[in-house]
Amino acid sequence: MPWNRDSIKRTAAACAALLACATAAASTDARLPAPARERSLPGISQGKFPPVVSKSRPPIYPAEARQLGQQGRVMVRALVDTQGQVAYAEIKESSGHPLLDQAALATVRSWSFTPGTRNGVPEAMWARIPINYALDGRVGK
């Protein structure tokens with residue numbers, strides 16, 4: 001078939017129509033309830049469930065930070081593995097005080113979790129954990 005301006009336009013129009021159909025089909029499938037997209041298996045819960053803290057110690061307020069009048073909230077982002085241990089942790093949102101940030105990281109790294117699951121199967125997942133430090137004595141998550 002010789003390529004000319006009209007055949008290129010028709011091909012482009014056909015490709016655009018095919019892409020529109022594929023996009024519409026994908027978005028329609030995403031709106032269907034889970035059982036319509038996939039068959040559920042007996043005994044396996046559907047969906048994704050994040051990790052949950054199972055064993056923790058309260059955050060320690062660094063004495064130097066308290067003396068300096070430092071307070072604030074630290075948002076820690078932790079990767080929880082399939083065994084419920086923190087494989088990696090980082091500061092997602094800083095309190096603005098390195099002493100509090102480092103104390104929050106150390107605290108979360110020492111915790112144990114019930115691992116997150118997808119369709120009943122343990123899976124490594126990220127968890128966001130807020131740690132609050134307040135001079136009035138309210139320390140915790």
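Our subject is the structure that appears above.
First, a word on what this report is: a plain description of the structure on this page. Everything numeric here is computed off the predicted structure, so don't read it as measured data.

Quick word on the sheet that holds strand S1 (residues 48-49)
Here we have three strands laid out as an open sheet, ordered S1-S6-S7, and antiparallel in their pairing. Looking along the sheet, the strands with just one partner apiece sit at the ends: S1 and strand S7 (121-122). Pairing of S1 with strand S6 (residues 117-118), which is carried by two bridges, proceeds in the antiparallel orientation. By the bridge assignment, Lys-48 is partnered in S6 with Arg-118.

Considering the side chain of Asp-101
Residue placement: Asp-101 occurs in helix H4 (residues 98-109). Only 2.5 Å separates the side chain of Asp-101 from the side chain of Ser-94, close enough to count as a polar contact. Within the local environment of Asp-101, its side chain forms a polar contact with the side chain of Ser-95, the two groups lying 2.9 Å apart. In this structure Asp-101 touches Val-74, Ile-91, Ser-94, Ser-95 and Gly-96, once residues within four positions along its chain are discounted.

Observations concerning the nonpolar core
In this structure, Val-76, Val-108, Ile-129, Ile-131 and Tyr-133 are the most contacted members of the largest nonpolar core, which totals 19 residues. Examining the composition of this core, we find that five residues originate from one element, H4, more than from any other. Excluding residues that lie within four positions of it along the chain, Val-76 makes contacts with Ala-89, Glu-90, Ile-91, Lys-92, Ala-104, Leu-105, Val-108, Ala-127, Arg-128 and Ile-129.

Things to note about the environment of Ala-103
Note on placement: Ala-103 falls in helix H4. Counting along the chain gives 41 residues from Ala-103 to Pro-62, while the straight-line C-alpha distance between them is 7.0 Å. Setting aside anything within four residues of it in sequence, one finds Ala-103 in contact with Ile-60, Pro-62 and Tyr-133.

Quick look at the packing of aromatic side chains
Counting across every chain of the model gives two aromatic pairs. Centroid distance Tyr-61 to Tyr-133: 5.2 Å. Interplanar angle 80°. Geometry classified as edge-to-face. One end of the pair, Tyr-61, is in the loop between strand S2 (52-55) and helix H3 (63-67); the other, Tyr-133, is in strand S8 (residues 125-133), with 72 residues separating them in the sequence. Taken individually, Tyr-61 and Tyr-133 each receive the classification buried, so the pair is uniform in this respect. Ring centres 6.2 Å apart and planes at 90° place the aromatic pair Tyr-88 and Trp-126 in the edge-to-face group. With Tyr-88 in strand S4 (residues 86-93) and Trp-126 in strand S8, this pair connects stretches of sequence that are 38 residues apart. On the basis of relative accessibility, which here comes to 42%, the residue Tyr-88 falls in the partly exposed class. In this structure, Arg-66 packs its charged tip against the face of Tyr-61, placed 4.2 Å from the ring centre. Lying over the aromatic face of Trp-126, Arg-77 brings its terminal NZ or CZ to 3.6 Å of the ring centre.

Section: H4
In this model H4 runs 16 Å from its N-terminal to its C-terminal C-alpha over 12 residues, within 8% of the 16 Å that 1.5 Å per residue would give. Lining the buried residues of H4 we find H3, strand S3 (72-80), S4, strand S5 (112-114) and S8.

Let's talk about the environment of Pro-98
For Pro-98, the position within the fold is in helix H4. A residue is classified by how much of its surface remains accessible, and Pro-98, at 59% relative accessible area, is exposed. Along the backbone, Pro-98 and Gln-70 are 28 residues apart, and their C-alpha atoms lie at a distance of 9.9 Å.

Scoring rules and cut-offs
- Residues numbered from 1 in each chain as written.
- Predicted model: local features only at pLDDT ≥ 70, side-chain atom pairs only at ≥ 80, totals over all residues.
- Heavy atoms only, no water.
- Pairing = 2+ DSSP bridges.
- Helix = DSSP H or I, 4+ residues; strand = E, 2+ residues; numbered from the N terminus.
- Polar contact = N/O pair within 3.5 Å; in protein donor to acceptor, adjacent residues only side chain to side chain.
- Contact = heavy atoms within 4.5 Å.
- Core = buried A, V, L, I, M, F, W, Y, C linked by side-chain atoms within 4.5 Å.
- Buried < 20%, exposed > 50% of the residue type's maximum accessible area, 1.4 Å probe, protein only.
- Phe/Tyr/Trp six-rings, centres within 6.5 Å; stacked < 30°, edge-to-face > 60°.
- Lys NZ or Arg CZ within 6 Å of the ring centre and 35° of its normal.
- Expected span 1.5 Å × (residues − 1).

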